[in-house]
Amino acid sequence: RVLNLYIDRSGGLWIGTDSAGLNRFNPDKRNFTRFQTFEINGSYAASGNQSQQTLTLDTPMDMVEDRDGSLWIGTFGQGLWRWNADERNQDRARVDVFRKSDGLPSSTVTGVLEEGSGALWLSSDRGLTRFDVKGRIRQFDLKNGLMDREFNQGSRLRSRSGKLMFGGISGVVSFYPGDLPVNERPPQIVVEARSRQEHLISTVSGDPVPEIEVGYPDRFLSFDFVALDFISPDKNQYRYKLEGFDDDWVEGDGFRRATYTNLAAGKYTFLVEGSNNDGLWNRNPAAINVRVFPAPWDTWWAYLIYFSLVAFVVGLYLRWHLAKLKLDVEHRDILEKKVDDRTQELAERNTQLQNLNELLAEASVTDSLTQLRNRRFLDQFVESQNASKLASKLGSQAAFSIDKHRPAQILFLMMIDLDDFKMINDTFGHQAGDEVLIQVKEVLEATTRSSDELIRWGGDEFMIIGIASSEAAAKLLGERIRAAVSELVYDAGNGVVGLLSASIGIATFGLIQDREDFGDWEQIMGIADRAAYIAKSNGRNAWVCLGGSELLDSDQLAQFSETLEAMVESGLVRVDSSLTETPILLHEQKHAALRGPGRIVLEKD
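This structure is a prediction, so every number in the text was calculated from the model and none was measured.

Asks: Would you take a moment to explain a nonpolar patch on the surface for this structure?
Replies: Taken together, the side chains of Tyr216, Trp297, Trp300, Trp301, Tyr303, Leu304, Ile305, Tyr306 and Leu309 define a hydrophobic patch exposed on the protein surface, amounting to about 1100 Å² of accessible area. Take Trp301: it is sitting in helix 3 (residues 300–364).

Structure below.
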């Protein structure tokens, strides 16, 4: 699926695709080159990702080549990428990456334009951003005059006169970059220090650095700070550190307070810097020196007393211990031999017992036909945890790590119900049905990811538990599974071949607002089962996804089965599917009332 096209100065045609990376068409050689795995330059590692050496480019949303020949790529959820001309001309996939952790309002960039000065303008789902080569970032949102923060993918234009235009969900925004006022005044920073009981001192950046003293009864310190710039105070940024305690600057992330408790005795300096609404920083930090006194029991003379007491006690103990050792020598040799013999015997038996227990435990959670995990494994895996904890547990066992700088990932449950599978057993016997189930298992293993948990739920049902970057990614996996099942010709043995289809239900309710108390796995499993039933009720060979909005609470989730239609109408629940028509939300209807025939076709060779 092609999302965008761009022709660079050399005449190369760049093609951005949906979930399949970036491609270049050479008009002279008439061939394509695909770029998806990129090495990361130092700018990305500097933002706290030193262990990440490569990234996979999934969905490039927009591209522009700047005056220096660098290709800037806006991505879906992976930030802004810069591919300079030297690396690109030599087909070296090595880029700089800028993300939300580097100051962008969002890691999804839907449009990229270059203004006359060489700075870039980025549209996203969080407003507009001006990004210059020096790394200075200015953000524009509703308070700057935008009609809405969300902009459409690739909807942007730079006119001949230099006016920039961006299309969003509420219309078109147009402006001349040079007409936008810039706040060039770095703000003064005020910082106030407080103990648990009282206000200690206040100071302003540029003033002489004051000093406060903290005694051992109260080692609690709180520093409140603010930038004296009120044009758009919500866009002011802060960073602070307590020299002698913090190794590096701590980003404020919207908080204007730093708290420290139980500081060790010594000298410290608290520093805080701030910026105005246009990202201009005051490099002259406000500072307060801190001196923490030790407790009486933590002084040098106290340690001298401790040492004397310990030396006296150790001397008494050594004297008693030497006498005891003399009495134990005769018994030690006899006991050591008996212990060695008995230990070796017990070790051999324990090894045998451990091997047997491991075999028994593995057999109890494995389906004997497909060798997949079974229903018992699911009970042990989730241990009645809520959806948020289950997602954390699944993520810790996945083949990939969850990057804390990425957008929040979602937990999904997928119920796969084979359509009219009973016909195979009734017509050709259970052995034929078992052969088909094994082939279905192989299709599912080839289609799913290594991090997904694939479970034989029972009979003709399979379940998948996994983590996806978004609800769209979970639905894309459901479509791949649906297509793979419906396209494969199954061999049931004895010259019998057949076509089968599946009704798939997807539930993505697991991590709404990161609430630990929202939904347990049994409720989410019931929702996935209901979604599969809706797919089967509306013609089979389809997937149906049920997802919750942020307004849905746990009490409403408990009433899901009875109030689904009302929840959909009120916007609490989203329904999406691969069906060409809007699905009918059936509830506890009999099999005879289901719409549409099954897709199963059986025939002899």
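Asks: How should the sheet that holds strand 15 (residues 151–158) be read in this particular structure?
Replies: The strands that make up a sheet pair up through hydrogen bonds in the backbone, lying either parallel or antiparallel. Reading across from one edge, 15-16-17 is the order of the three strands in this open sheet, with antiparallel pairing throughout. Of all strands in the sheet, those bounded by a partner on one side alone are strand 15 and strand 17 (171–175). Strand-to-strand twist in this sheet, taken as the mean axis angle between neighbours without regard to direction, amounts to 20°. As paired strands, strand 15 and strand 16 (residues 164–168) are joined by four bridges and run antiparallel to one another. Among the inter-strand pairings, Phe151 is bridged to a residue of strand 16, identified as Gly168.

Asks: Any chance you could explain the pairing of strand 25 (residues 266–275) here in plain terms?
Replies: Regular strands place their side chains on alternate faces of the sheet. Within strand 25, eight of the 10 residues are buried, which leaves the element mostly enclosed by the surrounding structure. Where strand 22 (residues 238–243) and strand 25 come together, six bridges link them in antiparallel fashion. Counted as the bridge partner of Lys241 is Leu271 from strand 25. Where strand 25 meets strand 26 (residues 281–292), nine bridges bridge the pair, whose relative direction is antiparallel. When the sheet's bridge partners are listed, Lys267 is paired in strand 26 with Arg291. Counting the residues between successive antiparallel strands, the hairpin from strand 25 to strand 26 contains five residues, one of them, Gly279, with a positive phi of roughly 80°.

Asks: Can you help me understand the sheet that holds strand 24 (residues 257–260) in this one?
Replies: The strand order 19-18-21-24 describes an open sheet built from four strands, whose pairing is antiparallel. Both outer strands of the open sheet, strand 19 (199–204) and strand 24, are each paired with one neighbouring strand and no more. Going from strand to strand, the sheet's axes swing by 15° on average, the running direction of each strand aside. Bridge count for strand 18 (residues 189–194) against strand 19 is five bridges, and the pairing is antiparallel. In the sheet register, Val190 faces strand 19, and the bridge partner there is Val204.

What counts as what
Residues numbered from 1 in each chain as written. Predicted model: local features only at pLDDT ≥ 70, side-chain atom pairs only at ≥ 80, totals over all residues. Heavy atoms only, no water. Patch = residues over 30% accessible without salt bridge, like charges linked within 9 Å, V, L, I, M, F, W, Y side chains within 5 Å. Areas by Shrake-Rupley, 256 points an atom, 1.4 Å probe, with all protein chains shown as cover. Salt bridge = Lys/Arg side-chain N within 4 Å of Asp/Glu carboxyl O. Helix = DSSP H or I, 4+ residues; strand = E, 2+ residues; numbered from the N terminus. Pairing = 2+ DSSP bridges. Axes fitted to C-alpha atoms, helices over the stretch in contact; angles between N-to-C directions. Buried < 20%, exposed > 50% of the residue type's maximum accessible area, 1.4 Å probe, protein only.

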